[in-house]
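Listed here are the chains, written in short residue letters.
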Protein chains: 2
Amino acid sequence: MALVSPTSELIDRYSKDSFGYCTIMDEPGPGTTSSRYGAQSNISDDDLLHITHAGSSSESSVPGDPTDSSGGIGNASFNDDIPGLGQYDDFHTIDWQRDIARDRTRHRYIVKKKEESWWDLLKGAHDAWSGWVCVLIVGVLSGVMAGVIDIGATWLTDLKFGLCPSAFYLNMEQCCWSSNETVRDISGNCSLWVTWPEMLGVGRDGAAGYIFRYLFYVGWAMLFALLAASLVRMFAPYACGSGIPEIKTILSGFIIRGYLGKWTLLIKAVGIMLSVASGLSLGKEGPMVHMACCIGNIISYLFPKYGKNEAKKREILSAASAAGVSVAFGAPIGGVLFSLEEVSYYFPLKTLWRSFFCALVAAFVLQSINPFGNEHSVLFYVEYNKPWLFVELVPFLMLGVIGGIIGALFIKANIYWCRFRKTSKLGQYPVLEVLAVTLFTALLAFPNKYTRMNTSELIYLLFTQCGVTNEHDICDYIDRDFTNVNHEVPIAKAGDGVYTALWQLILALIFKMVITIFTFGLKIPAGLFIPSLAMGAIVGRIVGIGMEQLVYYYHDSLPWFFEGKCSQDESCITPGLYAMVGAAAVLGGVTRMTVSLVVIMFELTGGVRYIVPLMAAAMASKWVGDALGKMGIYDAHIDLNGYPFLDCKDEFGHTTLAADVMQPQRNEALDVITQDSTTLRELKEVMKNSDHNGFPVVVSKESQYLVGFVLRRDLQLAIENAQQRLDGLPSDTLCVFTHHVPMIGSGPTPLKLRKIVDLAPITITDQTPMETVVDMFRKLGLRQTLVTHSGKLLGIITKKDVLRHIKQMEEEDETGPIIFN
Amino acid sequence: MALVSPTSELIDRYSKDSFGYCTIMDEPGPGTTSSRYGAQSNISDDDLLHITHAGSSSESSVPGDPTDSSGGIGNASFNDDIPGLGQYDDFHTIDWQRDIARDRTRHRYIVKKKEESWWDLLKGAHDAWSGWVCVLIVGVLSGVMAGVIDIGATWLTDLKFGLCPSAFYLNMEQCCWSSNETVRDISGNCSLWVTWPEMLGVGRDGAAGYIFRYLFYVGWAMLFALLAASLVRMFAPYACGSGIPEIKTILSGFIIRGYLGKWTLLIKAVGIMLSVASGLSLGKEGPMVHMACCIGNIISYLFPKYGKNEAKKREILSAASAAGVSVAFGAPIGGVLFSLEEVSYYFPLKTLWRSFFCALVAAFVLQSINPFGNEHSVLFYVEYNKPWLFVELVPFLMLGVIGGIIGALFIKANIYWCRFRKTSKLGQYPVLEVLAVTLFTALLAFPNKYTRMNTSELIYLLFTQCGVTNEHDICDYIDRDFTNVNHEVPIAKAGDGVYTALWQLILALIFKMVITIFTFGLKIPAGLFIPSLAMGAIVGRIVGIGMEQLVYYYHDSLPWFFEGKCSQDESCITPGLYAMVGAAAVLGGVTRMTVSLVVIMFELTGGVRYIVPLMAAAMASKWVGDALGKMGIYDAHIDLNGYPFLDCKDEFGHTTLAADVMQPQRNEALDVITQDSTTLRELKEVMKNSDHNGFPVVVSKESQYLVGFVLRRDLQLAIENAQQRLDGLPSDTLCVFTHHVPMIGSGPTPLKLRKIVDLAPITITDQTPMETVVDMFRKLGLRQTLVTHSGKLLGIITKKDVLRHIKQMEEEDETGPIIFN
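Predicted model, so just to flag it, every value in this text is computed and none were measured.

So, how was this worked out
- Residues numbered from 1 in each chain as written.
- Chains lettered and ligands numbered in written order.
- Predicted model: local features only at pLDDT ≥ 70, side-chain atom pairs only at ≥ 80, totals over all residues.
- Heavy atoms only, no water.
- Helix = DSSP H or I, 4+ residues; strand = E, 2+ residues; numbered from the N terminus.
- Buried < 20%, exposed > 50% of the residue type's maximum accessible area, 1.4 Å probe, protein only.
- Contact = heavy atoms within 4.5 Å.
- Areas by Shrake-Rupley, 256 points an atom, 1.4 Å probe, with all protein chains shown as cover.
- Pairing = 2+ DSSP bridges.
- Axes fitted to C-alpha atoms, helices over the stretch in contact; angles between N-to-C directions.
- Parallel < 35°, antiparallel > 145°, perpendicular 65-115°, else oblique.
- Left-handed = near helix turned anticlockwise from the far one by under 90°.
- Patch = residues over 30% accessible without salt bridge, like charges linked within 9 Å, V, L, I, M, F, W, Y side chains within 5 Å.
- Salt bridge = Lys/Arg side-chain N within 4 Å of Asp/Glu carboxyl O.
- Expected span 1.5 Å × (residues − 1).
- Least-squares fit on C-alpha atoms with pLDDT ≥ 70 in both.
- Nonpolar A, V, L, I, M, F, W, Y, C, P; charged D, E, K, R; others polar.
- Core = buried A, V, L, I, M, F, W, Y, C linked by side-chain atoms within 4.5 Å.
- Buried area = accessible area lost by both parts, 1.4 Å probe.
- Polar contact = N/O pair within 3.5 Å; in protein donor to acceptor, adjacent residues only side chain to side chain.
- Phe/Tyr/Trp six-rings, centres within 6.5 Å; stacked < 30°, edge-to-face > 60°.
- Lys NZ or Arg CZ within 6 Å of the ring centre and 35° of its normal.
- pLDDT = per-residue confidence, 0-100.
- Disulfide = S-S within 2.5 Å.

1. A look at the overall build of chain A
Here's step 1: Within chain A, the secondary structure is distributed over 30 helices and 13 strands.
Here's step 2: Out of the 821 residues belonging to chain A, those deemed buried represent 63%.
Here's step 3: Expressed as a percentage of contacts within chain A between residues at least 6 apart in sequence, the contacts between residues at least 24 apart total 76%.
Here's step 4: Accessible surface computed for chain A: about 30600 Å², of which carbon and sulfur atoms make up 61%.

2. Topic: the sheet that holds strand β10 (residues 751-752) of chain A
Here's step 1: With respect to topology, 3 strands assemble into an open sheet ordered β6-β9-β10 (chain A), the strand pairing being mixed. The outermost strands of the open sheet, each flanked by one partner alone, are β6 (678-679) and β10 of chain A.

3. Thoughts on the packing of helix α22 (residues 575-591) of chain A against helix α24 (residues 611-628) of chain A
Helix-helix packing is characterised by the crossing angle of the two axes and by the distance between the axes.
Residues and elements named next belong to chain A.
Here's step 1: At their nearest, the axes of α22 and α24 sit 8 Å apart, and the two run at 30° to each other. In terms of orientation, α22 and α24 fall into the roughly parallel class. Remark: the crossing between α22 and α24 carries right-handed chirality. When α22 is examined against α24, the residues Met580, Val581, Ala584, Ala585, Gly588 and Gly589 are found in contact with a partner set consisting of Pro613, Leu614, Ala617 and Ser621.

4. Structural notes on a nonpolar patch on the surface
Residues and elements named next belong to chain A.
Here's step 1: Residues Leu136, Val140, Leu141, Val144, Val148, Ile151 and Ile369 make up a contiguous nonpolar surface patch of about 480 Å² in total accessible area.
Here's step 2: Here leucine 141 lies in helix α5 (residues 118-159).
Here's step 3: Residue classification places leucine 141 among the partly exposed residues on the basis of a relative accessible area of 36%.

5. Remarks on helix α8 (residues 206-235) of chain A
Here's step 1: Taking 1.5 Å per residue as the helical rise, α8(A) with its 30 residues ought to reach 44 Å, and the 43 Å between its terminal C-alpha atoms agrees with that figure.
Here's step 2: Residues of α8(A) that are buried make contact with α5, α7 (196-199), α10 (262-277), α17 (430-445) and α18 (449-452) of chain A.

6. A short note on the relation of the copies chain B and chain A
Here's step 1: You can overlay chain B on chain A at an RMSD of 0.0 Å; the transform is a turn of 180° with a shift of 0.0 Å along its axis. What we have between these two chains is a two-fold relation. In terms of proximity to the rotation axis, the leading residue of chain B is Gly791(B), whose C-alpha is 1.8 Å off the axis.

7. Re the packing of helix α12 (residues 285-300) of chain B against helix α14 (residues 310-329) of chain B
All names here are of chain B.
Here's step 1: At a minimum axis distance of 7 Å, the contact between α12 and α14 shows a crossing angle of 145°. Handedness of the α12/α14 crossing: right-handed. Taking contact as the criterion, the partners of Glu285, Met288, Val289, Ala292, Cys293, Gly296, Asn297 and Ser300 in α12 are, on α14, Lys313, Ile316, Leu317, Ala320, Ser321, Gly324, Val325, Val327, Ala328 and Phe329.
Here's step 2: Tallied by class, residues from the contact of α12 with α14 come to 11 nonpolar, 5 polar and 2 charged.

8. A closer look at the nonpolar core
Here's step 1: One finds Phe356(A), Tyr450(A), Phe463(A), Phe356(B), Tyr450(B) and Phe463(B) to be the most contacted residues of the largest nonpolar core, which totals 360 residues.
Here's step 2: Excluding anything up to four places from it in sequence, Phe356(A) contacts Ile333(A), Val336(A), Val595(B), Val598(B), Val599(B), Ile611(B) and Met615(B).
Here's step 3: Grouped together as the second largest cluster of nonpolar side chains are 60 residues, Ile764(A), Met770(A), Met662(B) and Met809(B) included.

9. Things to note about the interface of chain B and chain A
Here's step 1: Listed as interface residues are 75 residues of chain B and, on the opposing side, 75 residues of chain A.
Here's step 2: When chain B packs against chain A, close to 7000 Å² is buried across both sides, 70% of that on carbon and sulfur atoms.
Here's step 3: Per-residue buried area on chain B facing chain A is highest for Arg104(B), Trp353(B) and Lys779(B); these three make up 9% of the total on that side.
Here's step 4: Counting across the interface, chain B meets chain A through 4 salt bridges.
Here's step 5: Residues Arg104(A) and Asp775(B) are paired through a salt bridge, measuring 3.8 Å at the closest nitrogen-oxygen approach.
Here's step 6: Joining chain B to chain A, the criterion identifies 11 residue pairs in polar contact (both at pLDDT 80 or more).
Here's step 7: Ranked by the residues each element gives to the side of chain B that touches chain A, the list is headed by helix α16 (residues 349-369) of chain B, at 8 residues.
Here's step 8: Its residues assigned to classes, the side of chain B that touches chain A shows 44 nonpolar, 16 polar and 15 charged.

10. Points about the packing of aromatic side chains
Residue and element names in this part refer to chain A.
Here's step 1: Under the defined criterion, the tally for this structure stands at 54 aromatic pairs over all chains.
Here's step 2: With a centroid separation of 5.4 Å and 65° between ring planes, the pair formed by tyrosine 210 and phenylalanine 446 is classed as edge-to-face. Taken together, the residues span a long stretch of sequence, with tyrosine 210 in helix α8 and phenylalanine 446 in the loop between α17 and α18 at a distance of 236 residues.
Here's step 3: For tyrosine 210, a relative accessible area of 30% gives the class partly exposed.
Here's step 4: Considering the side-chain rings of phenylalanine 329 and phenylalanine 529, the 5.4 Å spacing of their centres and the 90° angle between planes classify their relative orientation as edge-to-face. In this pair, phenylalanine 329 is assigned in helix α13 (residues 310-329) and phenylalanine 529 in helix α21 (residues 529-554), connecting sequence segments 200 residues apart. No difference in accessibility class separates phenylalanine 329 from phenylalanine 529, as the two residues are buried.
Here's step 5: Grouping aromatic residues by their ring pairs yields a cluster made of Phe161, Tyr210, Tyr214, Tyr217 and Phe446.
Here's step 6: Over the ring of tyrosine 345 we find lysine 799; its NZ or CZ atom is 5.9 Å from the centre of that ring.

11. Some remarks on the pairing of strand β7 (residues 694-698) of chain A
Residues and elements named next belong to chain A.
Here's step 1: Along β7, 5 of the 5 residues are buried, which leaves the element largely enclosed by surrounding structure.
Here's step 2: Side-chain alternation along β7 places Gly694, Pro696 and Val698 on one buried face and Phe695 and Val697 on a second face that is also buried.
Here's step 3: Note that β7 and strand β8 (residues 706-711) share 5 bridges and pair antiparallel. Residue pairing across strands places proline 696 opposite phenylalanine 709, the latter belonging to β8.

12. Structural notes on helix α28 (residues 712-725) of chain A
Here's step 1: The terminal C-alpha atoms of α28(A), which comprises 14 residues, lie 20 Å apart, in line with the 20 Å expected from a rise of 1.5 Å per residue.
Here's step 2: Every buried residue of α28(A) is listed here: Arg712(A), Asp714(A), Leu715(A), Leu717(A), Ala718(A), Ile719(A), Asn721(A) and Ala722(A).

13. Concerning the pattern of salt bridges
Here's step 1: Counted by the stated rule, this structure contains 42 salt bridges over all chains.
Here's step 2: Of the charged contacts in the structure, one is a salt bridge between Arg421(A) and Glu433(A), with a shortest N-O distance of 2.8 Å. Taken together, the residues Arg421(A) in helix α16 (residues 393-423) and Glu433(A) in helix α17 connect sequence positions 12 residues apart. Both residues of the pair, Arg421(A) and Glu433(A), count as buried.
Here's step 3: With a shortest N-O distance of 3.3 Å, Asp626(B) and Lys622(B) are connected by a salt bridge. Highlighted residues: Asp626(B) and Lys622(B), both in helix α25 (residues 611-628), separated by 4 residues, approximately one helical turn.
Here's step 4: The partly exposed category is assigned to Asp626(B), whose relative accessible area is 29%.
Here's step 5: Of the residues examined, Lys622(B) reaches a relative accessible area of 9% and is grouped as buried.
Here's step 6: One salt-bridge network, in which partners are shared between bridges, spans Asp103(A), Arg106(A), Asp127(A), Lys305(A), Lys312(A) and Glu315(A).

14. Points about unusual backbone geometry
Here's step 1: Cis rather than trans, the peptide bond between Gln663(A) and Pro664(A) has omega equal to -5°.
Here's step 2: Along the polypeptide, Pro664(A) turns up in the loop between α26 (658-661) and β5 (673-674).
Here's step 3: You will see that Ser790(A), though not glycine, has its phi angle at about 50°, which is positive.
Here's step 4: With respect to the helices and strands, Ser790(A) occurs in the loop between β12 (784-789) and β13 (792-798).
Here's step 5: Owing to a relative accessible area of 18%, Ser790(A) belongs among the buried residues under this scheme.
Here's step 6: The phi angle at Arg592(B) is positive, at roughly 60°, despite the residue not being glycine.
Here's step 7: By secondary structure assignment, the location of Arg592(B) is in the loop between α23 (575-591) and α24 (595-605).

15. Details of the confidence of the model for chain A
It should be kept in mind that the predicted coordinates are not to be read in detail where pLDDT is low.
Residue and element names in this part refer to chain A.
Here's step 1: Averaged over every residue, the pLDDT of chain A is 79; residues scoring 70 or more account for 81%.
Here's step 2: Across residues 1-83, where pLDDT falls below 50, the model places 194 contacts with residues more than four positions away in sequence or in other chains.
Here's step 3: Interface confidence for the predicted complex, given as ipTM, is 0.81, next to a pTM of 0.84.

16. Regarding the state of the cysteines
Cysteine pairs can be linked by a disulfide, which is a covalent bond between their two sulfur atoms.
Residue and element names in this part refer to chain A.
Here's step 1: Scanning the model with the defined rule gives 0 disulfides over all chains in all.
Here's step 2: The structure places no disulfide on cysteine 358, whose sulfur is separated from the nearest cysteine sulfur, that of cysteine 134, by 8.4 Å.
Here's step 3: Residue classification places cysteine 358 among the buried positions, given a relative accessible area of 0%.

17. Here we look at the sheet that holds strand β6 (residues 678-679) of chain B
Residue and element names in this part refer to chain B.
Here's step 1: Strand order in the open sheet formed by 3 strands is β6-β9-β10, and the pairing between neighbours is mixed. Two strands bound the open sheet, and with one partner strand each, they are β6 and β10 (751-752).
Here's step 2: Pairing between β6 and strand β9 (residues 734-736): 2 bridges, direction antiparallel. Directly across from threonine 679, in β9, lies its bridge partner leucine 734.

This is the structure in structure tokens:
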């Protein structure tokens, strides 16, 4: 029987994780960084205690009364030594209502004080602005962070191929800029850029050169991967993966200390540069969201309003995650919608504005840094000049279906592999695993030029239209002349280069699909956006080229089919657009994003015109994906790791009642405290015998009418405080939770504990349908609710009980609906 | 004392409105269109009743038991004759929790039935798809509606100036297209288009021509206005105004029958064309949102899932309002964000996807209709080719401040005038008022060419860059040559034309500012977006031209100031961008939109580049506006009309407790029903003596422990049903609300009413802070909550009590903080 037990099961599952997360506490964490803002926080905590009895007209507890233990909690000198009342333990669920109430109390206090002095007025103004200032700083730092990582990752990636001897700190593109050379080979090389074989005196072409390049490629990849994995292993285990499942969990109101700390940020930043450079099938976009959230968390400590209040801090984290996507793709609006749709839990309108501001600032800063060297802040900036035809909706929808299937298969396979890693011995050798996957990836990736190049370069190549500057194989059409810019691009027959490219792309697709399953989940920083986009872009480009050739061969026989637009020699199919639609489809299938996905893609092209194809593909992909497997990759990983995440999207559709879920069930006794007849000994016994986080207070053992709810933590603090003041506190001291202290002839003076009781706990009746209960937990952000029947206390339902029940009902559904048989 | 009283005060205030809204019920309204889907709904209602006691193991009521009155409610034949249980009266608040629960029950029923037959499987599939199908239809119809209105309004507007004799149904622009004439005069006239003086044999130029044109302009304007006002007056009084305040109220869970009906739609569509054509200072964008919501409401009746469930219907309405903005501006993403930020109340993620889909479909349909005759679906499509300079943020922020001031002043003046209209005799002559304002507008607008032209044309003119095709005065620069397209536009000195234009623009601004105050609130369809945008665009363009000239004169002396970008002859200031920023600022000041505003503006230009200036101006405008007056124009009108709108944005920051707000206060008795000791006579008396919507059920008069809550409506239905079955129902019959029926020796058989009791009412304790209570009302969409103390019932808080309390606290705040004195 567990009332408000710590989420021990979760911790168990968590610590079972082969990486041993729980053994490492690299960060002081939100709960213990208290000394600096202790005084500030005390005021609010004290006020909070006052609020619960503001309705009563008189106040009996005299300051300094040694028996009034709870009064002492508000004492600053007392509180400085211990963690504040509003803090939570690691792996605990936060109580949104309570935190928001604490913030309002603090706010009221500041407003009230504002009229007293200039200094307080200034403090009030600082408080009012701090939210905006905080997101401003977060935005600026996120932009800088993204710029540094972009530059660093590009440099390291190019290091696999060669070096710029004249200025070693330049990457290949920058190196070749300074050379003023106009002639470069297909991968953009120029004479100033020295490849590794050249350094060893071997020509860059020829068999020896190829072998040397191959060897260096594999060698550097292994070195980078080793470095990344070791850094993560040694300094910040939380820095691995994309971080988005954990951020979703944290934003839904869970505490994971150190997950958003400075060490995680630092190691993740270095690690992501290394792992991207190692050529593994991963992206830096997801980790950028995590890093932006780290920045948000760190900066929030500069503002006690946010740093000391877990619920308020999540507002900053929502904004930070928007900034993360904003800098990852150069899509501020898409970032805000990503935060709203995918990541955030509690998203009031104020947060919407701040997120938008934060995302914009971040994008603006990144644009000023200009890491890509073009004037667009967008990762893949493309412009199409052809409208799409209505008939093209058919292949677009088809791409959506393919994307959904690929996404669902990928999720299933990846989860299967991750579960295998968790349960088998494989999980004990994370660094070796990383090295093995890297070796495999590097060996197979080098021969195929589409897998050898940087994945974002590949996506960009597949997105772009064939034009004057594009000399790749996929633009090798027969009789097509690009030299005249003003000339219409004629529809043309594919040349040999295109067919070669098609084969290479198909091989690249298979390779990416297989290797990404093994890559996502490795203990290095690794995002999933870029690999998904790449897979989709390959599929899309292949379909696009197919469509183009179809139109080339049949456009005269079926003119009505193409609305008469392809009847001239002009090309009317843009294979690049197909690549983009395919990319959206696969990413949609993997993550199950819809609106934010379309908006991000829309921001990449900047044309309202292509929203409909993107939307069609995203929708088809989501529907097909949902039909094949309910959860997106992030939700699947949340489920795999057993995080206590109460999803807002799913509707709870079962007919169970609160009475079926509450603890205790049948015949078991409920641990309660009576309002004026519990002795200190009984109290200590109750606390010792159970590990619940709180206890309901009732009128008496006989008539269990609910009075209030008291937290274990507060109770402990109050008793410790009282024992400090009165050394010989007899164990038969009566602990009184009422306003009125009963008169006792003999015995010690009763201990007044009324102030620590929450007199307004959320209650429901035992007949409340669970769907309403789930709704209340979601919308009010409850930690627990008390179950009554005609006013009498029957039991308690915690968030964990709710989650367990949902899981149980889902499993019942899967094993077959018992009710209907 | 009012427990769950009908919102009589609101009805009072509403019917006090001089237009006599309440006397006209032009639509059957959502509450009474019941016959068609009665059977469907019965199932769910019956199921709902079952759900409340699903926890109890045995079921005592035998079907057909004449004393079990409540059992009969589920009977289809019974329920067909009376309005369903889930319906609400006019001007009542809906109970979100109950409606959502009803929908889930219905859903479960369908899922369960699905396995029985093919037909049921089909019905299940239809049910699953109906949401998407519904928003698809709404989107298509919204697009068509917008296309028709755009075309109609343009034609009527041009009718003021002349006619196309060769094809009377063409507007001026279309008429001139067919003429193949290349030379047109400044306002786009051509020889095929015959102006009114020409029809009368007078030349279009010259004094006589001017006077005739003037007369016809005024005459047509008066005719259009008279028609619009009369139509609204006679057929659909709800069609007046923009409709957005009412839609906000409806979406927050209020019933206004007929507000979204087919008559309102029809009259509003015709009326808006007429009122736009009359040249009044108003726009069709707000009304388009209203009309799209009408379409949403009407279409939702095709799908019982939505038509019969007020909470679910609001999901469709949210999507419809997104479609409305989408077609009004050609901005689908902006529309979704507008729906999210400004209009909607309950916006789950599913609604986000559907809204996006709906908005996209609507935009796509409108684009296919192509009413503007260009390939863009956007109202003001502009493209700038210059980046903005960092230093320009100063004038942009200044524009934001000006926009905030204009917005706040406008709101104050408009509300003052509307209040005057409500309280004075003026309100009794709505048509005369419309005619007077129209006469005034037409007389003053004609002489100034910037006010004479269509307001959206004016905005477009101000937004655009000066280029080859722009021959207006505002582009009259000395020594600037546009003939060479490839040539850089040189920075140039303003010519006389620009100075003339400046004066005319200033006059136009003053005129618009004054006349719009009197126009918004007239009893004709009238939106506020376009006038606000126009005011802002004028201010912005003036500032832009000023900046441009400043740079022209000083760019050599302050090169560092302009980042060296204006040092060449090239122009580096785009006055059109200033116009756009100014427009965003004033619209932001008036409506207090932020994100959606920026996104709408961004979609107009399609360039991520200009988001930062727009954002800066929108933020500055909102902050300045909020400092000068808390409410945006829509909220101010909601307040003025006394709608029961519980704003999600405001935080309730007072320390009152539930005990201070609940009814009854002090010494008054609470109307309760005991669970097993109330006779029929007592029950009827309680119902007669109070007008509450529901009554709490308690254990007994002596121990008022709460058992449940019963709705007046259900009680009435149950008693009527019982009386129908048992003619001579004695008035001393015991009404039993418990599962267990007490054994009575003598007297009539007790009437079992257990099934109609809601055994899971939401309760709070008397010590709950009001901020928590307000939060619960907002987030859970409550209609009322019961207040208890240690399980005993103390009172009740309704949504109306909460609203009254918030209002009261706000007034206290304004009269000075009493607490702090």
